[in-house]
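Observations on the model geometry
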Amino acid sequence: MIQPLKSSYNSAEISGTLLGMEHGEDLEVRVTAVENELVVLRQDVLEVKVLAKGASEDAGDCKAALREQKVNLESMRATQLEHGAALKKLSRSYDRLDAKVDTRLAELDEKIIARFAELGVTQLEQANAIEAVSQQVGTLTTMVQKMSESLESLLAKILAEQLQQRKLMQETNEDVQGLRSTQLEQQADVEKLQRADMMQRAEIKDIRATQLKQYADQKAGFAEIRKLLKGDGGGAGVLVS
């Protein structure tokens, strides 16, 4: 988390500078000291801007991650739709196969009856023929059963894959919520930096106003002294000596 910068100046140093000004130190030295303080303050403000820019870039990365998660969710949705279509196709194929088996059995029954009527076979021969047909029916039933088992296995695999996809979606949602929390924290840090920057600007403005006022007061004092020196020769002599 980004920490707000601390100003490199303090009230004690400023108070010392102002106290020195009240005791009559050289004006140029005092102004130079104040300008040095302003340079340090500007460097602090630049660092704050750089940190704010980094926080903005982090927020952009979070948005890009959210867009990527959205694309993944859409891809999983498309996969689910494809699985649904495949299940419908398999169901229609199974229905057609069942109808085909029923039709085939009906045709076999008709052929058997017609054949027995034409040949006049004995009851034993008819029983043998019926048994052969029963074996064929059993074979077809076995085939249908195997296909049913294959279909159930495929359905189980699809169901397992859907459960895996749901789990992945849940994990993705948790990641998105985590990214959202991180983004909110970074936004709060940026707001803190902005408030700190505004406070530093206000403090700099106050210092500058105080310096200008003191400079104006000193200038007025010097003008008053010059005026007194020009107007009072005896007093000037005393000051010069």
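Residues numbered from 1 in each chain as written. Predicted model: local features only at pLDDT ≥ 70, side-chain atom pairs only at ≥ 80, totals over all residues. Heavy atoms only, no water.

**What to know about the overall build of the protein chain**
Convention followed: By the criteria applied, helices consist of DSSP H or I runs no shorter than four residues and strands consist of E runs no shorter than two, each listed in order from the N terminus. Each residue gets one of three labels from its accessible area relative to the maximum for its type: buried under 20%, exposed over 50%, partly exposed in between, using a 1.4 Å probe on protein chains only. Between two residues, a contact is recorded if the distance between any of their heavy atoms is within 4.5 Å. Accessible surface area values rest on a Shrake-Rupley calculation with a 1.4 Å probe, where residue burial reflects the displayed protein chains alone.
Each helix and strand counted, the protein chain has four helices and zero strands in total. What you see in the protein chain, going N to C, is helices and strands ordered as α-α-α-α. The proportion of buried residues among the 241 residues of the protein chain is 17%. The contacts in the protein chain between residues at least 6 apart in sequence include a share of 86% that link residues at least 24 apart. Of the roughly 17900 Å² of accessible surface on the protein chain, 57% is carried by carbon and sulfur atoms.

**Notes on the layout of surface pockets**
In this approach the atoms are scanned with a rolling probe the size of a water molecule, which exposes any empty space left behind. Going by this rule: For cavity detection a 1 Å grid was placed over the protein atoms alone, and a set of points counts as a cavity when a 1.4 Å probe fits there but cannot get out; an open set counts as a pocket when protein lies on both sides within 12 Å along at least five of seven lines, with lining residues being those that have an atom within 4 Å of a point. Grid points are joined across faces, edges and corners, and a volume is the space filled by probe spheres set on the points. In this classification, the charged set is Asp, Glu, Lys and Arg, the nonpolar set is Ala, Val, Leu, Ile, Met, Phe, Trp, Tyr, Cys and Pro, and all remaining amino acids, among them Gly, are polar.
Roughly 220 Å³ of volume is contained in the largest pocket. Looking at the lining of the largest pocket, the elements with two or more residues in it are helix H2 (27-119) and helix H3 (123-231). With six residues, H3 is the largest single contributor of residues to the lining of the largest pocket. A breakdown of the residues in the lining of the largest pocket according to their chemical character gives six nonpolar, three polar and three charged.

**Quick look at the pattern of salt bridges**
Quick note on the threshold: We define a salt bridge as a side-chain nitrogen of Lys or Arg found within 4 Å of a carboxyl oxygen belonging to Asp or Glu.
Tallying each qualifying case throughout the model produces three salt bridges. Its salt-bridge partner being Glu-107, residue Arg-104 comes within 3.9 Å of it at the nearest N-O pair. One end of the pair, Arg-104, and the other, Glu-107, are both in helix H2, three residues apart, so they sit about a helical turn from each other. Its salt-bridge partner being Asp-197, residue Arg-201 comes within 3.5 Å of it at the nearest N-O pair. Here Asp-197 and Arg-201 lie together in helix H3, a separation of four residues that amounts to about one turn.

**Concerning the side chain of Gln-165**
Note that Gln-165 resides in helix H3. Aside from chain neighbours lying at most four places away, what touches Gln-165 is Met-76, Thr-79, Gln-80 and His-83.

**Regarding the confidence of the model for the protein chain**
In plain terms, the rule: For every residue, the predictor assigns a confidence score, pLDDT, that lies between 0 and 100.
The predicted model of the protein chain has a mean per-residue pLDDT of 77, with 82% of residues at 70 or higher. Within the protein chain, no element has a lower average pLDDT than helix H4 (residues 233-240), which sits at 43, and none a higher one than H3, at 84. Note that residues 18-24 has pLDDT below 50 and, in this model, seven contacts with residues that lie over four places away or in other chains. Under a pLDDT of 50 for its full length, residues 234-241 has, in the predicted model, two contacts with residues more than four places off or in other chains.

**Quick notes on a positive patch on the surface**
Rule in force here: Patch definition: residues with relative accessible area over 30% and no salt bridge; like charges joined within 9 Å; nonpolar side chains (Val, Leu, Ile, Met, Phe, Trp, Tyr) joined within 5 Å. Note on charges: Lys and Arg go in the positive column, Asp and Glu in the negative column, and His and the chain ends are not counted at all. Every charge is mapped to an atom, namely NZ of Lys, CZ of Arg, CG of Asp or CD of Glu.
Taken together, the side chains of Lys-88, Lys-89, Arg-92 and Arg-96 define a basic patch exposed on the protein surface. Its place among the elements puts Lys-89 in helix H2. Judged by its relative accessible area of 55%, Lys-89 is exposed.

**Brief notes about the environment of His-83**
Within the secondary structure, His-83 sits in helix H2. Distance in space between the C-alpha atoms of His-83 and Leu-159 is 9.6 Å, their sequence separation being 76 residues. Residue contacts for His-83: discarding those within four places in its chain leaves Ile-158, Glu-161 and Gln-165.

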